[in-house]
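Next come the chains, spelled out residue by residue.
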Amino acid sequence: MSWTRLFGRAGLAVAGSTTLLLGLNGCFTERQNEGAKLYAAHCASCHGDQGQGLERLIPAVAKTDYIARHRAELPCIIRKGMKGPVTVNGIAYNQVMPGHEDLTDSQITNLLNFLQTNWGNTNQPYTIREASELLGRCNGSDGQ
């Protein structure tokens, strides 16, 4: 039995909405795990596959105070990189972190949200608007 037979013209609207919703779900599934994929591709080789860092050379991003306390700086740190001393969970580090200027605002937002909500971090996710505004403030130097 067809939608039209069951529900008349309203059935067509319902059927059309269902198709539209199913189509939208397909759009979002490609980006569903984008933050994790971006982390694996751009960050894991230094910060570790579980965000554990590398002893006293590279800071952890798992269970870290730095991510919560430096929310406004994080988008620019990812885009422009960072050099100079930094303290994470009471441990001092002083290595160069390369920037990722190839990432879009949306990708940086997804990457940050992955970090904000995984491995013991329970921070508020970024909106694309917030991340884009913060990225608009990045200076031309190395993220600091």
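Our subject is the structure that appears above.
Quantities reported herein were computed from a predicted structural model and do not represent experimental measurements.

A. Summary view of helix 6 (residues 105-116). When the terminal C-alpha atoms of helix 6 are compared, their 16 Å separation across 12 residues agrees well with the 16 Å that a helix rising 1.5 Å per residue should span. Summarising burial for helix 6: 9 of the 12 residues are buried, a large majority. Against helix 2 (34-42), helix 4 (65-69), helix 5 (74-80) and helix 7 (128-136) lie the buried residues of helix 6.

B. Molecular detail of unusual backbone geometry. Positive phi, normally seen in glycine, also occurs at Lys63, with a value near 45 degrees. As for its position among the elements, Lys63 is in the loop between helix 3 (44-47) and helix 4. Residues other than glycine seldom take positive phi values, yet Asn89 does so here, at roughly 50 degrees. Along the chain, the position of Asn89 falls in the loop between strand 1 (86-88) and strand 2 (91-93).

C. A look at the state of the cysteines. Applying the stated criterion across every chain, the model contains 1 disulfide. One disulfide bridge connects Cys76 with Cys138, the sulfur atoms lying 1.9 Å from each other. Taking the torsion about the sulfur-sulfur bond, which here is approximately -105 degrees, the covalent link between Cys76 and Cys138 counts as left-handed. Of this pair, Cys76 sits in helix 5 while Cys138 sits in the segment after helix 7, placing them 62 residues apart in sequence. The structure places no disulfide on Cys43, whose sulfur is separated from the nearest cysteine sulfur, that of Cys46, by 8.6 Å. Accessibility expressed as a relative area gives 12% for Cys43, which makes it buried.

D. How the structure looks around the environment of Asn113. Examined against the element boundaries, Asn113 turns out to sit in helix 6. Here Asn113 falls in the buried class, since its relative accessible area comes to 15%. Each C-alpha atom, one on Asn113 and one on Ala36, is 9.4 Å from the other, the two residues being 77 residues apart in sequence. Setting aside its immediate chain neighbours within four residues, Asn113 contacts Pro125 and Tyr126.

The rules behind the values
- Residues numbered from 1 in each chain as written.
- Predicted model: local features only at pLDDT ≥ 70, side-chain atom pairs only at ≥ 80, totals over all residues.
- Heavy atoms only, no water.
- Helix = DSSP H or I, 4+ residues; strand = E, 2+ residues; numbered from the N terminus.
- Expected span 1.5 Å × (residues − 1).
- Buried < 20%, exposed > 50% of the residue type's maximum accessible area, 1.4 Å probe, protein only.
- Contact = heavy atoms within 4.5 Å.
- Disulfide = S-S within 2.5 Å.

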